[in-house]
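One-letter residues, chain by chain:
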Amino acid sequence: AKMNSTMSEEPDALSVVNQLRDLAADPLNRRAIVQDQGCLPGLILFLDHPNPPVVHSALLALRYLAECRANREKMKSELGMMLSLQNVIQKTTTPGETKLLASEVYDILQSSNMSDMDNMNEMNYRRRKAQFFLGSTNKRAKTVVLHIDGLDDSSRRNLCEEALLKIKGVISFTFQMAVQRCVVRIRSDLKAEALATAIASTKVMKAQQVVKSESGEEMLVPFQDTQVEVEQNTDLPEYLPEDESPSKEQDKAVSRVGSHPEGAASWLSTAANFLSRSFYW
């Protein structure tokens, strides 16, 4: 009987973790989720889930929550958090994207209470360590910044998210709705054009790449350029460290497209109930 109940819970686990991920995508909900009694422990338990999409979705939720600086200390000290992230990184069966995403979350939390200088050294050390675990087959991740025409409300953001999640090689993404941008972390062997194609497939949005010129000016580069230019695009320098979004005011700026916190709160209690049922029987 036990086996059956686990089997039938499989889609539930994924739908719950996906809803948590969607809630965490909205900066207005990030503090509430981390303050909630059940959600963080639940997400940590999801990191040990046998179903790989559940683990990846839980990591995306944690990645969003860690965007909010005020959450990082609590997340880092939450029982089992750092250990579970390490397990995901070191487990041989973990898919490459998931390992990279886990090491990214680990880096952000690990360096939460350091000075900027220590921070950089620590990040570099962690990254070398993560690369060691990932093995030489898994080349580093890179950051692509997209400017997305038409990204102007949360339903569009959901469309965009769905399109990006379908691409093999996408590790994580962060939206900056106020400036119609999406910062995407991808495996270095994935061409950035794949992102543009996916976003174009929504029929309502179109992506351009944001690149920095030598003088530090930001420029928008359309994707339908010649093949040669495209090849160069794949090796743009990673000028955005994971820990710093280009817009520090992001949490404030995004609030105008936020969902209603009270709706989120009632949903959180449902999620917490589900989590306690699934994990503590």
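Residues numbered from 1 in each chain as written. Predicted model: local features only at pLDDT ≥ 70, side-chain atom pairs only at ≥ 80, totals over all residues. Heavy atoms only, no water.

Asks: Honestly, the packing of helix α4 (residues 52–67) against helix α7 (residues 96–110) in this entry has me stumped. Any pointers?
Replies: For any two helices packed against each other, the geometry comes down to the angle between their axes and how far apart the axes lie. Remark: α4 packs on α7, axes separated minimally by 10 Å, with the N-to-C direction vectors making an angle of 25°. The orientation of α4 with respect to α7, classified from their angle, is roughly parallel. Along this stretch, α4 crosses α7, giving a crossing that reads as left-handed. Taking contact as the criterion, the partners of V55, H56, L59, L60, L62, R63 and A66 in α4 are, on α7, E97, T98, L101, A102, E104, V105, I108 and L109. (Axes fitted to C-alpha atoms, helices over the stretch in contact; angles between N-to-C directions. Helix = DSSP H or I, 4+ residues; strand = E, 2+ residues; numbered from the N terminus. Parallel < 35°, antiparallel > 145°, perpendicular 65-115°, else oblique. Left-handed = near helix turned anticlockwise from the far one by under 90°. Contact = heavy atoms within 4.5 Å.)

Asks: How should the pattern of salt bridges be read in this particular structure?
Replies: Any two side chains of opposite charge can pair, given that their charged atoms come close. Summed over the entire model, instances satisfying the criterion amount to ten salt bridges. Residue E218 pairs with R181 through a salt bridge whose shortest N-O separation is 2.7 Å. Here the residue E218 occupies a position in strand β5 (residues 218–222), and R181 occupies one in strand β3 (residues 181–187), the gap between them amounting to 37 residues. Note that D189 is salt-bridged to R187, the shortest N-O span being 3.9 Å. (Salt bridge = Lys/Arg side-chain N within 4 Å of Asp/Glu carboxyl O.)

Asks: Mind showing me how you'd approach the sheet that holds β3 here?
Replies: Where strands meet in a sheet, backbone hydrogen bonds hold them as pairs that are either parallel or antiparallel. Within the open sheet, the five strands sit side by side as β2-β3-β1-β4-β5. Their pairing is antiparallel. Looking along the sheet, the strands with just one partner apiece sit at the ends: β2 (170–176) and β5. With strand direction ignored, the average angle separating the axes of adjacent strands in the sheet is 35°. Direction of pairing for β2 relative to β3: antiparallel, over a ladder of six bridges. (Pairing = 2+ DSSP bridges.)

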